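# Coordinate inspection notes
Here is how the chains run, residue by residue.
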Amino acid sequence: MRPDIVGMQSGRARQNRIDGVRELAGFASPGEMMCVLSRNTAAFGSNVASRDRVTNIDHLAFNVKNDSQAGIASLLRKDSAGNLVPDAVQDKYEEKLMIAAALSNTTSVRSDIFACWFVIRGYTRDDCEGLGASDPMVPSVERRFLMILDRSNITRIGDEPKVLLFQEVPM
């Protein structure tokens, strides 16, 4: 960032040291999630290069290990037993994008109304005790629900969305 611009910035742009960051809450696009960075200025002063990467969206690319795993990473290979295993390369660029890629498939900035399907399972003590190594744990109660939420009224921390529909649906 240019030093002459820092003095002209305010709010989020100045705190995050990112030129052009919006001051409005939320994300205008899923791509803005890549700018989710926490700069620990208390610990490191104003040295952006020494920022606390653990709280940043791209920290997996800087944690000195390979975080590739099935369902998240595309660069897995099969070993001689047929198991999916990661390569030996640690902190590759793919890891920098892993969390953002997972979020971009589950977030939307196009609508304030969205649906959520979920299953609630209830287990009694009898459902869980006395099971053998290959016995499945079967719930006493299993119900599926659909909830439609409207988040258009969310403007501050603590605001809750309107529940437009809360309906049990068949399993």
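Here the residue numbers are simple positions, counted from 1 along each chain's written sequence. The model is predicted, so local features are restricted to residues of pLDDT at least 70 and side-chain atom pairs to those at 80 or more, both for listing and for counting; the totals for chains, interfaces and linings are taken over all residues. As a rule here, side-chain values cover all heavy atoms of the structure and leave hydrogens and water aside.

Only DSSP runs of H or I covering at least 4 residues are called helices, and only runs of E covering at least 2 are called strands; the numbering of each starts at the N terminus. From N to C terminus, the chain includes 5 helices and 5 strands. The proportion of buried residues among the 171 residues of the chain is 19%. Any two residues whose heavy atoms approach within 4.5 Å at even a single point are treated as in contact. Considering only intrachain contacts with a sequence separation of at least 6, the fraction spanning at least 24 residues in the chain is 42%. Carbon and sulfur atoms provide 56% of the accessible area of the chain, an area that totals close to 12,200 Å². Classification of residues uses two cut-offs on accessible area relative to the type maximum, computed with a 1.4 Å probe and protein chains only: under 20% is buried, over 50% is exposed, and between them is partly exposed. Here the accessible surface of atoms and residues is derived via Shrake-Rupley with a 1.4 Å probe, and residues count as covered only by protein chains that are part of the display.

Take the packing of aromatic side chains next. In this analysis, rings of Phe, Tyr and Trp, with Trp reduced to its six-membered ring, are considered paired at centre separations within 6.5 Å, and the interplanar angle assigns stacked below 30 degrees, edge-to-face beyond 60, and tilted for intermediate values. The tally for this structure, following the rule as stated, stands at 3 aromatic pairs. Considering the side-chain rings of Phe 118 and Phe 145, the 5.6 Å spacing of their centres and the 25° angle between planes classify their relative orientation as stacked. Linking Phe 118 in strand β3 (residues 113–122) with Phe 145 in strand β4 (residues 141–150), this pair joins segments that are 27 residues apart in sequence. When its relative accessible area of 23% is taken as the criterion, Phe 118 is described as partly exposed. Assessed through its relative accessible area of 10%, Phe 145 is described here as buried. Summarising the aromatic geometry, the rings of Phe 145 and Phe 166 are spaced 5.3 Å apart at their centres and angled 20° between planes, so their arrangement reads as stacked. Residue Phe 145 is located in strand β4, and its partner Phe 166 is located in strand β5 (residues 162–169); the two are separated by 21 residues in the primary sequence. With a relative accessible area of 47%, Phe 166 lands in the partly exposed category.

Here we take up the environment of Asp 159. Looking at the secondary structure, you find Asp 159 in the loop between β4 and β5. Given a relative accessible area of 26%, Asp 159 falls into the partly exposed group. Those residues within four positions of Asp 159 in sequence are excluded, and the remaining contacts are Asn 153 and Ile 154. Counted as a polar contact is a pair of N or O atoms within 3.5 Å, where, for protein atoms, one must be capable of donating a hydrogen and the other of accepting one, and residues adjacent in sequence contribute only when both atoms are in side chains. A polar contact of 3.0 Å, which involves the side chain of Asp 159, links it to the backbone nitrogen of Thr 155. A polar side-chain atom of Asp 159 sits 2.9 Å from the main-chain amide nitrogen of Arg 156.

Another aspect to go through is the sheet that holds β4. We call two strands paired when DSSP finds no fewer than two bridges between them. In space, the 3 strands of this open sheet follow the order β3-β4-β5, with antiparallel pairing throughout. The open sheet has two free edges, formed respectively by β3 and β5, since each of these has just one partner strand. Averaged over all neighbouring strand pairs, the angle between strand axes comes to 20°, with direction disregarded. By the bridge criterion, 10 bridges tie β3 to β4 in an arrangement that is antiparallel. What sits directly across from Trp 117, in β4, is Leu 146. A fitted line through C-alpha atoms serves as each axis, taken over the contacting stretch for helices, and the angle formed by two N-to-C directions is quoted from 0 to 180°.

We now examine a nonpolar patch on the surface. Note on patches: the residues involved have over 30% relative accessible area and no salt bridge, like charges join within 9 Å, and the nonpolar side chains Val, Leu, Ile, Met, Phe, Trp and Tyr join within 5 Å. Basic side-chain nitrogens of Lys or Arg form a salt bridge, by our definition, when they fall within 4 Å of a carboxyl oxygen of Asp or Glu. A cluster of nonpolar side chains, contributed by Ile 113, Leu 164 and Leu 165, occupies part of the molecular surface with about 250 Å² of accessible area. Structurally, the position occupied by Leu 164 is in strand β5. Here Leu 164 falls in the partly exposed class, since its relative accessible area comes to 48%.

This next bit is on the environment of Arg 110. The topology assignment puts Arg 110 in the loop between α4 (93–104) and β3. Separated by 80 residues in the primary sequence, Arg 110 and Pro 30 place their C-alpha atoms 10.0 Å from one another.

In this fold, Asp 127 is placed in helix α5 (residues 125–128). For the purpose of counting charges, residues Lys and Arg are taken to be positive, whereas Asp and Glu are taken to be negative. His and the chain ends are not included. For the buried Asp 127, which has no salt bridge, the nearest side chain bearing the opposite charge is Arg 121, at an N-O separation of 11 Å. In this structure the side chain of Asp 127 is engaged in a polar contact, spanning 2.8 Å, whose partner is the backbone nitrogen of Thr 124. Leave out the neighbours within four places in its chain, and Asp 127 touches Gly 122, Met 137, Val 138, Pro 139 and Ser 140.

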